[in-house]
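For reference, the chains in residue letters:
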Amino acid sequence: MSTDRTKELGTKPIGTLLLEYAVPAIIAMTASSIYNMVDSIFIGQGVGPMAIAGLAITFPLMNLSAAFGAMVGVGTATMISVRLGQKNRDDAQLFFGNSVTLNVVLGVVFMVVCLAALDPILRFFGASPQTLPYAREYMQWILYGNVFTHLYFGLNAVLRSAGHPRTAMMATILTVAVNTVLDPLFIYGLHLGIRGAAIATVIAQCVALGWQLWIFSRPTEVVHFRRDTFRLRARTVAGTLSIGLSPFLMNACSCLVVLLINRGMVEYGGDLAVGAYGIDNRVLFFFAMVVMGFNQGMQPIAGYNYGAALHHRVREVLYRTIAYATAVMTTGFVVCELWAEHIVGAFTTDPELIAIAARGMRIDMALFPIIGFQMVTGNFFQSIGQAGKSIYLSLTRQLIFLVPALLVLPRFFGLDGVWLSLPVSDALASINAAVLLALQVREFKAAGLDTGTPATLAATTPTAATPTATHGRQFAPLRLPRRIRYFAASRVAPYIPLFSVFQHTGRNDADDAPANGQHT
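Residues numbered from 1 in each chain as written. Predicted model: local features only at pLDDT ≥ 70, side-chain atom pairs only at ≥ 80, totals over all residues. Heavy atoms only, no water.

### Section: the overall build of the protein
Secondary structure summary: the protein contains 19 helices and 0 strands in total. Out of the 520 residues in the protein, the part that is buried amounts to 58%. Summed over all atoms, the accessible surface of the protein reaches about 20,500 Å², with 66% contributed by carbon and sulfur. (Helix = DSSP H or I, 4+ residues; strand = E, 2+ residues; numbered from the N terminus. Buried < 20%, exposed > 50% of the residue type's maximum accessible area, 1.4 Å probe, protein only. Areas by Shrake-Rupley, 256 points an atom, 1.4 Å probe, with all protein chains shown as cover.)

The structure is reproduced here in structure tokens:
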């Protein structure tokens, strides 16, 4: 791929560019989600309702595996986008080579550790004597292929960042197609049961991985395999992991959340309730995948233009993505509220399981229209390299809001309380995201975003000092002693991003900063 392919990220109209990058990602993500649903349908119809429950038990462990993969994949993709925007191809190449090594190392370590203690882990995640055999049989084979899974998802993220969104889409579609063919063959034809579904998944990912390896072996690619880039370098690894820490924490929190949900389902509804959550999660994940497709389309555009200091284009791609995401989630809300029983019925014929899952789906989707905004906001901060804010949003939604809700609401509402905790946390997280995004937009405006005037990266980084108001007026909440504002901006804001509002207090604050870095 020539460098002209990446230059279009800073010149082509945003609306056209977003669709060009997002549509392939959406097709890929929805195809992957459809595969997950088809996989569950084959397991539910071909093995039974307890197998569906056993599959749901594996979700926390699979989320944890995905957390390590996302930490490397998303971190690498973001750094490559920013470096290409800065015209620094050597650094982009180095991030790519190090990501391959990191994926292999983390994949092997995760596989060995989990296989050594698989049964205790699954019991901790809520497996009962009835569901443990299914969960163990499925997860063993998934872990055997863990290295290939990490490499497959990591290289797909790099393909998008390097200007190959359609190729990344085709790799995912190839995986889905192979898996869809192998699933019924292994489950029904070879009578392998739930194990057959896991083996089909691993084989499908290996097929797509082989194609990706061939693509990146070509020297004409903007980033490609080079022997001198595989050796891990501290600065490169730290840059990758610092950006990837946000999706890692998001997936790690998902692991904790699904653990609590599964245990709550077992306590208040039994194994069938766990299976109901597994079904609902597959359906809701489909709509979330569409939004994630838009996020993936936004990521290279926002990252490149932020690196090139084209901030008016950054805001435009953000607002367009939010609008598309809200439309998708609203559609999901309407469909699932109206036809919940019909949707669940595709996964199982068990009437009790259908009733539990349909009721849970309606509660779970109650505030679905606002989730798209929250998802886009978190991904946006990650895309422009502001990892602290992205991490903060991830933690507040899944840890600070959702975990307490899961611990408290079921005590009052039983099984409905487990379902209800999800929309409650979504509402609180969306308010939090709106506040943080408003502060970021104010930073962009201060950097000349509205007029499209040149701005520097330093003007919008969390540590930069920018004016707080136009025409000499200061933002009212910031009328505090300068030393207090300095402390809040320099010591607190890196850990609690809402305090970044104190970074807008003007240049004179630096004059009052304690000398030699000493505290007052």
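### Quick look at the packing of helix 2 (residues 14-46) against helix 9 (residues 165-189)
Between helix 2 and helix 9, whose axes approach to 8 Å, the crossing angle comes to 10°. In terms of their interaxial angle, helix 2 and helix 9 are classed as roughly parallel. Looking at the contact of helix 2 with helix 9 residue by residue, the class counts come to 16 nonpolar, 6 polar and 4 charged. (Axes fitted to C-alpha atoms, helices over the stretch in contact; angles between N-to-C directions. Parallel < 35°, antiparallel > 145°, perpendicular 65-115°, else oblique. Nonpolar A, V, L, I, M, F, W, Y, C, P; charged D, E, K, R; others polar.)

### Focus on the side chain of histidine 150
Within the secondary structure layout, histidine 150 lies in helix 8 (residues 146-161). One polar contact links the side chain of histidine 150 to the main-chain carbonyl oxygen of serine 65, over a distance of 3.2 Å. For histidine 150, the residues in contact, after removing those within four places along its chain, are Ser65, Phe68, Gly69, Asn103, Leu106 and Gly107. (Polar contact = N/O pair within 3.5 Å; in protein donor to acceptor, adjacent residues only side chain to side chain. Contact = heavy atoms within 4.5 Å.)

### Focus on the confidence of the model for the protein
Close inspection of predicted coordinates is inappropriate in any region flagged by low pLDDT. Averaged over every residue, the pLDDT of the protein is 78; residues scoring 70 or more account for 84%. Confidence drops under pLDDT 50 across residues 504-520; counting only partners more than four residues distant or on other chains, this segment forms 30 contacts. (pLDDT = per-residue confidence, 0-100.)

### Considering the environment of valine 403
If you trace the backbone, valine 403 turns up in helix 17 (residues 387-413). Judged by its relative accessible area of 12%, valine 403 is buried. Residues valine 403 and isoleucine 261, spaced 142 residues apart in sequence, show a C-alpha to C-alpha distance of 9.3 Å. Not counting chain neighbours up to four residues away, the residues in contact with valine 403 comprise Leu256, Val257, Leu260 and Gln398.

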